[in-house]
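Understanding the architecture of this molecule
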Amino acid sequence: GANVIICSKNCKYKNNKIIVIKSKKIRSLLSDISSKFYKLKPKNIIAVTGTNGKTSVADLFYQILKLNNKNVASIGTLGTKYKNQILRSKLTTPDTITIHQILEKFKKEGIENVIIEASSHGLDQKRIDHLPLKAGIFTNFSQDHLDYHKNMKAYLNAKLLLFKHILKKGKTVIFDKNIKESKILENLSKKKQLRLVDINQTREKIKKILNLNEFQLNNLSMAVAAAKICKLKEKKILNSLTKLKDVDGRMELVRTFPNNVKVYVDFAHTPDALLKTLHALGSTQNKIISLVFGCGGDRDLKKRPIMAKIASKNCDKIY
């Protein structure tokens, strides 16, 4: 029933009755058309990328704004969350049509603050191109998704698309100066005249309020920095921190038994995430760690032996 078909250059489709347009940049064009079709967008859209921590940052940002009675939504691994609703999704970053459609719906419903998890697949496939982002967050970088990207350089370049191409001049980059990729982000920001926000000062302020391990502290610091961009006063943000709940599946304490055995759930799916989780538990509990874990073979095969070694070195029992 289509009047016009737009497809990639290598598409073999022909039809004398229908106009067929062939494009070299088919995904980018789809994104552009979607953004023009669904014109309305919330005022504050923030995208978060990185190997680990995206879901935590997004969920903590959502909680902070909700606790301060701001209309907020998040799009990511835990689904699309807004107004006490959760719409589940199989993708961390939905397809480009769905994203623009959802954002117009949010705008119509008076939701002006949105955080989106930008996966490397999503960035590489132009799913969040043509979004008027207020800020981009870079959490960290370590091995993952090499089944798709083939090498670490291509994987990092996919993450950096957020800052190289999507963020416009004068917008904000939230990052941790202590990671080795910070120099790349600093150089990129100079070239594009982006505003840099380092989380170190925020981290120190949070330390005085909450006793958290390092990676939880980093994730929360980024969420706080993002909340400030939405014109929420720092004092109000800091006052709400003690009311935050554990993020689902992120160092989540699900049970404490009478004999003080604690059960945590963490969806650590990379070597770096597994190591940090086990270090955090080891340093706080100083007890026997039994680990139930797996590493599916349908994706990045190279990380499996690395994760097995980390498990073997840092646990007392492995299931």
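As a starting point, this report considers the structure included with it. Because the structure is a prediction, the values reported are computed rather than measured. (Residues numbered from 1 in each chain as written. Predicted model: local features only at pLDDT ≥ 70, side-chain atom pairs only at ≥ 80, totals over all residues. Heavy atoms only, no water.)

As for the overall build of the protein chain
The secondary structure content of the protein chain amounts to twelve helices and 14 strands. Counting only C-alpha atoms, the protein chain reaches 75 × 45 × 40 Å along its principal axes. Expressed as a percentage of its 319 residues, the buried residues of the protein chain come to 48%. Looking at the protein chain alone, contacts between residues at least 24 apart form 66% of all its contacts between residues at least 6 apart. Accessible surface, the protein chain as shown: approximately 17400 Å² in total, 53% of it carbon and sulfur. Within the protein chain, one finds 62 positive and 26 negative side-chain charges whose respective centroids are separated by 6 Å. (Helix = DSSP H or I, 4+ residues; strand = E, 2+ residues; numbered from the N terminus. Buried < 20%, exposed > 50% of the residue type's maximum accessible area, 1.4 Å probe, protein only. Contact = heavy atoms within 4.5 Å. Areas by Shrake-Rupley, 256 points an atom, 1.4 Å probe, with all protein chains shown as cover. Lys, Arg positive; Asp, Glu negative; His and termini not counted. Charge placed at Lys NZ, Arg CZ, Asp CG, Glu CD.)

A look at the packing of helix α1 (residues 26-37) against helix α3 (residues 96-108)
Axis separation between α1 and α3 bottoms out at 9 Å; the angle between their running directions is 20 degrees. In terms of orientation, α1 lies roughly parallel with respect to α3. The hand of the α1/α3 crossing is right-handed. Residues Leu30, Ser31, Ser34, Ser35 and Phe37 of α1 form the contact with α3, whose own contacting residues are Thr96, Ile97, His100 and Glu104. Its residues placed into classes, the contact of α1 with α3 shows three nonpolar, five polar and one charged. (Axes fitted to C-alpha atoms, helices over the stretch in contact; angles between N-to-C directions. Parallel < 35°, antiparallel > 145°, perpendicular 65-115°, else oblique. Left-handed = near helix turned anticlockwise from the far one by under 90°. Nonpolar A, V, L, I, M, F, W, Y, C, P; charged D, E, K, R; others polar.)

Examining the pairing of strand β5 (residues 79-82)
Of the strand pairs in this sheet, strand β4 (residues 72-76) and β5 are connected by four bridges, and their pairing is antiparallel. Each residue of the ladder has a partner; that of glycine 76, found in β5, is glycine 79. What sits between β4 and β5 in their antiparallel hairpin is a turn of two residues. As paired elements, β5 and strand β6 (residues 85-87) share three bridges and run antiparallel to each other. Looking at the pairing, threonine 80 lines up with leucine 87 of β6. What sits between β5 and β6 in their antiparallel hairpin is a turn of two residues, with lysine 83 showing a positive phi close to 45 degrees. (Pairing = 2+ DSSP bridges.)

Points about the sheet that holds β4
If you trace the eight strands from one edge of the open sheet to the other, you get β6-β5-β4-β7-β3-β8-β9-β10, paired in mixed fashion. Both edges of this open sheet fall to β6 and β10 (195-198), since each of them pairs with a single strand only. When strand polarity is set aside, the average angle formed by the axes of neighbouring strands in this sheet is 15 degrees. Set on the sheet, helix α2 (residues 54-67) makes contact with β3 (44-49), β4, β5, β7 (113-117) and β8 (135-138); between it and β7 the angle comes to about 170 degrees. Running over the sheet, helix α9 (residues 214-229) touches β3, β8, β9 (172-175) and β10 and is turned about 160 degrees from β9.

A closer look at the pattern of salt bridges
Scanning the model with the defined rule gives 13 salt bridges in all. Note that lysine 36 and aspartate 32 form a salt bridge whose closest N and O atoms lie 2.6 Å from each other. Taken as a pair, lysine 36 and aspartate 32 lie in helix α1 at a separation of four residues, close to a single helical turn. What makes aspartate 32 partly exposed here is its relative accessible area of 23%. What you see here is one network of salt bridges that share partners, running through Lys83, Lys105 and Glu109. (Salt bridge = Lys/Arg side-chain N within 4 Å of Asp/Glu carboxyl O.)

Brief notes about the environment of leucine 196
Considering the arrangement of structural elements, one finds leucine 196 in strand β10. Taking relative accessible area as the criterion, leucine 196 reaches 34% and is therefore assigned partly exposed. In this structure, the C-alpha to C-alpha distance between leucine 196 and serine 74, residues 122 residues apart in sequence, is 23 Å. Ignoring sequence-local partners within four residues, the contact set of leucine 196 consists of Val173, Phe175, Leu185, Glu186 and Ser189.

Digging into the nonpolar core
In this structure, Ile46, Phe61, Ile64, Ile137, Ile174, Leu220 and Leu241 are the most contacted members of the largest nonpolar core, which totals 35 residues. When contributions to this core are tallied by element, the ones reaching two or more residues are β3, α2, β8, α9 and α10 (234-240). For this core, the leading source of residues is α9, giving nine residues. Beyond its immediate stretch of four places on either side in the chain, isoleucine 46 contacts Phe61, Val114, Ile115, Ile116, Ala135, Ile137, Ala226, Ile229 and Cys230. (Core = buried A, V, L, I, M, F, W, Y, C linked by side-chain atoms within 4.5 Å.)

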